[in-house]
Amino acid sequence: MQESRERILSALSEGPVTGPELADDLEISRAAVWKHIEELRDAGFEITSTGSGYEIESVPEFGGIAVEFGLEAPFEIEYHDSIGSTNARARGLATEGRENVVVLADEQTGGRGRLDREWSSPSGGLWLSILLRPTRPATHAPVYTLAAAVATARAVRETGVDARIKWPNDVLVEGRKLSGILTEMEGEADRISWLVVGIGINANVGTDRLPDREDVTSLQAEVGEVDRRNLTQTLITEFHELVHDEGEIVPAWRDLSATLDRRVRVETANGTVEGRAIDIEFPGSLVIETDGEETVVTVGDCTHLRASEGA
Ligand code: BT5
C-alpha cells in the first residue's frame, strides 16, 4: 500500500482528525490528503467530515484496502473482483521480483488445485495467494502448506465450525472439504527463490455453486454468511505468526489433525500405501504404520478409510 494512504488510515483509526493535521503529520499537501480521502471513499470507506475532522463511519465488507485496514501483518493486498487464478498472478509478481504481497479475489475463473485439477471459485469465496521469499532450502517448502492449513483451520474455527486438517492440504468440517491449499515455488536445492501459498476457502457461497459432491461444504452452509474481511485478516496474521515461530507449526498441525490415528490410503508416485497414520514429521511428511512397518510419505493423495476398510 502507498505509505501515505497507510498512515492516513492509521491516523483515522484513532478517531477524527482534520485535513490540516493530516497534512502536517504526513508532510504532504492538503490537496494530497483530500485525494487520499476520495480514494478511500471510492474504495467503499464511509468517511464523514465534521468540525472535528475526518472520521471513518464504516469499512467496506471486502477488498484490498479494507483487508489492509487494521491488518497486523506486513503484507500488501492486491485485490481483484475477478481473476483467472490468484496463484498465477502471484507467480507473475514473483518474476517481477515482488514479495510479501497477498493476491486476493472475490472470484476466480481459472482456479487450480494440485496436478492442475480444477478448483471452483465462485464469487463470495475467499481465494488468495501469499507470495514470500523465504531464506530456506527448497526441501522445507511443505512446512508452508502445513502452516497455511493450521492458519486456515484456526481462522475458520473462529466462525464456529469444527474444522480439522486432512493431510496434506485440505481443511474439512465433519469430513467435508471446506478449503484447499496449493503451494508452488521456484528455487535451487539449497534456497527457495519464491514461494506462493494459495488458499481457497468456500466462504459465502452456497454448495449449489460448488462441485456436486457430498464431501464438499462452505461456511455459508455450515454457519451462514461470515465477515470475509475479518476472516482474511485472521488467516493472514495466523499464517505470518506461524512461519515466524516454526517450532509451533507441527504441534499445532497435530492438534488440529483429522488424519492422525486414522486408517488411510495414500496414492503416491511410487504406489499406494495403506495403514494407520501415526505421525507427521517436519517439514510435512506423513508416517504410516502397516503391519508394524513404518513408511514416510512426502507427497500424495490421501483417503481416510473407515476402520473396517482396506487391508
Ligand atoms: C486443492 O487441490 O485442494 C488446492 C486448491 C487451492 C485453491 C486455491 S484458491 C487460491 C489459489 N489460486 C488457485 O488457482 N488455487 C489456489 P486438490 O487437493 O488437488 O483438490 C482439487 C479437487 O477438489 C478437485 O479435483 C475437486 O474434486 C475438488 N474441488 C474443486 N473445487 C472445490 C471447492 N471449491 N471446494 C471443495 N472441493 C473442490
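Since this is a predicted model, take the numbers as computed values, not measurements.

A. Looking closely at the pairing of strand E13 (residues 293–297). In the sheet, strand E12 (residues 285–290) pairs with E13 via five bridges, with the strands oriented antiparallel. For threonine 290, the partnering residue across the bridge sits in E13 and is glutamate 293. What sits between E12 and E13 in their antiparallel hairpin is a turn of two residues, with aspartate 291 showing a positive phi close to 45°.

B. View of the nonpolar core. Counting 62 residues, the largest nonpolar core has Val156, Ile199, Leu219, Phe239 and Trp253 as the members making the most contacts within it. Counting residues per element, this core draws most heavily on helix H6 (residues 142–157), which supplies eleven residues. Residue assignment places this core across two domains, with domain 2 (64–256) and domain 3 (262–304) each supplying three or more. In this structure valine 156 touches Val161, Ala163, Val171, Leu178, Ile201, Leu219 and Leu231, once residues within four positions along its chain are discounted. One finds Ile8, Leu26, Val33 and Leu40 within the second-largest nonpolar core, a separate group that totals 16 residues.

C. View of unusual backbone geometry. Omega for the bond connecting tryptophan 167 with proline 168 falls within 30 degrees of zero, at -5°, which places this linkage in the cis form. Along the polypeptide, proline 168 turns up in the loop between strand E6 (163–166) and strand E7 (170–173). In the segment running from phenylalanine 282 into proline 283, the intervening peptide bond is cis, with an omega of 5°. By secondary structure assignment, the location of proline 283 is in the loop between strand E11 (271–281) and E12. With a phi close to 55°, glutamate 27 is a non-glycine residue in the positive phi region. Along the polypeptide, glutamate 27 turns up in the loop between helix H2 (19–26) and helix H3 (30–42). Even without glycine at this site, glutamate 174 takes up a positive phi of about 45°. Here glutamate 174 is to be found in the loop between E7 and strand E8 (176–188).

D. Layout of the packing of aromatic side chains. The final tally for this structure, using the stated rule, is two aromatic pairs. Considering the side-chain rings of phenylalanine 45 and phenylalanine 69, the 5.7 Å spacing of their centres and the 90° angle between planes classify their relative orientation as edge-to-face. With phenylalanine 45 in the loop between H3 and strand E1 (46–50) and phenylalanine 69 in the loop between helix H4 (64–68) and strand E3 (76–83), the pair connects residues that are 24 residues apart, well separated along the chain. Accessibility expressed as a relative area gives 13% for phenylalanine 69, which makes it buried. Ring geometry for phenylalanine 62 against tyrosine 79: centres 5.7 Å apart, planes inclined by 85°, an arrangement best described as edge-to-face. One end of the pair, phenylalanine 62, is in the loop between strand E2 (53–58) and H4; the other, tyrosine 79, is in strand E3, and 17 residues separate them in sequence. Judged by relative accessible area, which is 9%, phenylalanine 62 ranks as buried. The class for tyrosine 79 is partly exposed, based on a relative accessible area of 25%.

Parameters and conventions
- Residues numbered from 1 in each chain as written.
- Predicted model: local features only at pLDDT ≥ 70, side-chain atom pairs only at ≥ 80, totals over all residues.
- Heavy atoms only, no water.
- Pairing = 2+ DSSP bridges.
- Helix = DSSP H or I, 4+ residues; strand = E, 2+ residues; numbered from the N terminus.
- Core = buried A, V, L, I, M, F, W, Y, C linked by side-chain atoms within 4.5 Å.
- Buried < 20%, exposed > 50% of the residue type's maximum accessible area, 1.4 Å probe, protein only.
- Domains from an automatic or database assignment.
- Contact = heavy atoms within 4.5 Å.
- Phe/Tyr/Trp six-rings, centres within 6.5 Å; stacked < 30°, edge-to-face > 60°.

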